[in-house]
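Structural features, examined
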Amino acid sequence: MILLSLFLIALCCIIIWRASDGFETASEYLGRNLSEGVRGATINAIGSSMPELFTTLFFLFVLKDKDGFAGGIGTTAGSAIFNGMIIPAVVILIVVFKRINSSVTISRKVLLRDGIALLLCELVLIFIIGGNTLTWVHGLILMAMYAAYAFYMLSSMKKNRNLDEIQDKEEEEEEEEEDTDKGFFH
């Protein structure tokens, strides 16, 4: 039984690895008009959470663990810790040890925005899980929180694009003024 389980785990890892190439191409196509931060918080986040979703569905429908729901919660919580701590740590180590860069600079705005959102969502999740029962309302609350975060990301992307367009127009106008000023003196 242990060998079969290990074989299935290895098989699932290979399938996910091979499917990742197609997902990367699809996410780049779907998010071609989105900034990298928004694409990461929406399309890539949804795609990277698919293994947890299917693991939870497996626990619910195949193992019929709807009363305990321990597998789904454990998988989701473990994934959150892995995504929030292990992946950034490994990326930093690779960047530094491969001498790609001597340090990694993180935007304070991004760190505060995503950190506050993550902490708030984790606190709400802990509060919801701390009760005796889970209902569809709890799921709706968590989905609404994600929708609010995604909406904020999309609106901030649009705001940043508008600011970039204004800056580009100002730079073009300054260049035109410089060109016309040079014309008068020559």
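Every value quoted in this text rests on a predicted model; they were computed, and no experiment measured them.

What the chain contains, in helices and strands, is six helices and zero strands. Sequence-ordered secondary structure for the chain, helices as α and strands as β, is α-α-α-α-α-α. Its C-alpha atoms give the chain a radius of gyration of 23 Å, more than 25% over the compact-globule value 16 Å for 186 residues. Oriented by its inertia axes, the alpha-carbon framework of the chain measures out at about 85 × 40 × 30 Å. Within the chain, the fraction of its 186 residues that count as buried is 12%.

With respect to the element layout, R113 can be found in helix α5 (residues 108-129). By relative accessible area, R113 is classed as buried at 18%. The contact partners of R113, leaving out residues within four places of it in the chain, are Y149, Y152 and M153.

Before going further, it helps to examine the pattern of salt bridges. Side chains that differ in sign of charge can pair as their charged atoms come close. Tallied over the full model, the rule gives one salt bridge. When the shortest N-O distance is used, the salt bridge between D114 and R113 registers 2.9 Å. Given a relative accessible area of 27%, D114 falls into the partly exposed group.

One non-glycine residue, R99, adopts positive backbone phi at about 60°. By the element assignment, R99 lies in the loop between α4 (70-97) and α5.

Applying the stated criterion across every chain yields a total of zero aromatic pairs. Between R32 and the ring centre of Y29, over which it is positioned, the NZ or CZ distance is 4.1 Å.

A few words on a negative patch on the surface. On the surface, D164, E165, D168, E170, E171, E172, E173, E174, E175, E176, E177 and E178 cluster together to form a negatively charged patch. Mapped onto the elements of the fold, E175 is located in helix α6 (residues 136-185).

Reading the values: rules and limits
- Residues numbered from 1 in each chain as written.
- Predicted model: local features only at pLDDT ≥ 70, side-chain atom pairs only at ≥ 80, totals over all residues.
- Heavy atoms only, no water.
- Helix = DSSP H or I, 4+ residues; strand = E, 2+ residues; numbered from the N terminus.
- Rg over C-alpha atoms; globule rule 2.2 N^0.38 Å.
- Buried < 20%, exposed > 50% of the residue type's maximum accessible area, 1.4 Å probe, protein only.
- Contact = heavy atoms within 4.5 Å.
- Salt bridge = Lys/Arg side-chain N within 4 Å of Asp/Glu carboxyl O.
- Phe/Tyr/Trp six-rings, centres within 6.5 Å; stacked < 30°, edge-to-face > 60°.
- Lys NZ or Arg CZ within 6 Å of the ring centre and 35° of its normal.
- Patch = residues over 30% accessible without salt bridge, like charges linked within 9 Å, V, L, I, M, F, W, Y side chains within 5 Å.
- Areas by Shrake-Rupley, 256 points an atom, 1.4 Å probe, with all protein chains shown as cover.
- Lys, Arg positive; Asp, Glu negative; His and termini not counted.
- Charge placed at Lys NZ, Arg CZ, Asp CG, Glu CD.

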